[in-house]
Amino acid sequence: MSGFEHFERDAFELEREILKRGLLLKLDWDDAAIMRKLAREALEGGPDHTQALLADPDARLRARGELFALGVLMLRVMEESADTGVHTHGGPAWKAFGRALILEAQAEGKPVDSRAQLNGDSSA
């Protein structure tokens, strides 16, 4: 497993940070409609919207931007680990937001890396 441990560590750290933002935003990770709404906002707004949120003085709006930026990192970790043949995913918050991002991207007809699966039982 040498060389792949960082995927598991990255997933753990991202999950922790996603959960922190979720607490501030009072998110219910089991509410698929809310997760899809957040994912839609992240995808439709793109990097400019995320940057604007990150610069906002309101802590809740800033946390929203941070959640969107963490979503990008989350998908990148999944793609990079898949490139090495390792299936990586985090916990419930990661799965809920990640699944919503993928579903919304597919609904918009955007290409989604088919290796970034969120329903598997294995992790790095």
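About the criteria used
- Residues numbered from 1 in each chain as written.
- Predicted model: local features only at pLDDT ≥ 70, side-chain atom pairs only at ≥ 80, totals over all residues.
- Heavy atoms only, no water.
- Helix = DSSP H or I, 4+ residues; strand = E, 2+ residues; numbered from the N terminus.
- Buried < 20%, exposed > 50% of the residue type's maximum accessible area, 1.4 Å probe, protein only.
- Axes fitted to C-alpha atoms, helices over the stretch in contact; angles between N-to-C directions.
- Parallel < 35°, antiparallel > 145°, perpendicular 65-115°, else oblique.
- Contact = heavy atoms within 4.5 Å.
- Nonpolar A, V, L, I, M, F, W, Y, C, P; charged D, E, K, R; others polar.
- Expected span 1.5 Å × (residues − 1).
- Core = buried A, V, L, I, M, F, W, Y, C linked by side-chain atoms within 4.5 Å.
- Left-handed = near helix turned anticlockwise from the far one by under 90°.

Visitor: Describe the environment of His 6, and please don't skip the residues or the numbers.
Guide: Mapping His 6 onto the fold places it in helix 1 (residues 5-25). With a relative accessible area of 29%, His 6 lands in the partly exposed category. Spatially, the C-alpha atom of His 6 lies 9.4 Å from that of Ser 81, the residues being 75 residues apart in sequence.

Visitor: Describe the packing of helix 3 (residues 59-83) against helix 4 (residues 92-107), and please don't skip the residues or the numbers.
Guide: Relative orientation of the contacting elements helix 3 and helix 4 amounts to 85 degrees, with a least axis distance of 10 Å. It follows that helix 3 is roughly perpendicular to helix 4 by the angle criterion. Each of Leu 67, Phe 68, Gly 71, Met 74, Leu 75, Val 77 and Met 78 in helix 3 lies in contact with helix 4, whose residues at this interface are Trp 94, Phe 97, Gly 98, Leu 101 and Ile 102. Split by residue class, the contact of helix 3 with helix 4 holds ten nonpolar, two polar and no charged.

Visitor: How would you sum up helix 4? Please name residues and give values.
Guide: Between the first and last C-alpha of helix 4 there are 22 Å, a value that for 16 residues agrees with the 22 Å anticipated at 1.5 Å per step. Looking one or two places after helix 4, you find Gly 109, whose phi comes out positive at around 75 degrees.

Visitor: I'd love a proper account of the nonpolar core, names of residues and values included.
Guide: Nonpolar side chains tend to gather and get buried jointly when the protein is soluble and globular. In this structure, Trp 29, Leu 67 and Phe 97 are the most contacted members of the largest nonpolar core, which totals 26 residues. Secondary structure elements with two or more residues in this core: helix 1, helix 2 (32-54), helix 3 and helix 4. Looking at this core element by element, the count peaks at seven residues for helix 3. If we skip the residues at most four places from it in the chain, Trp 29 touches Ile 18, Leu 19, Gly 22, Met 35, Leu 67, Ala 93, Ala 96 and Phe 97.

Visitor: Kindly report on the packing of helix 2 against helix 4, identifying the contributing residues and their values.
Guide: Packed helices, taken two at a time, are described by the angle their axes make and the gap between the axes. Look at helix 2 against helix 4: their axes get within 8 Å of each other, and the N-to-C directions meet at 60 degrees. With respect to each other, helix 2 and helix 4 are oriented oblique. For the pair helix 2 and helix 4, the sense of crossing is right-handed. The residues of helix 4 that touch helix 2, namely those facing Met 35, Arg 36, Leu 38, Ala 39, Arg 40, Ala 42 and Leu 43, are Ala 96, Phe 97, Ala 100, Leu 101, Leu 103, Glu 104, Ala 105 and Ala 107. Grouping the amino acids of the contact of helix 2 with helix 4 by side-chain chemistry returns twelve nonpolar, no polar and three charged.

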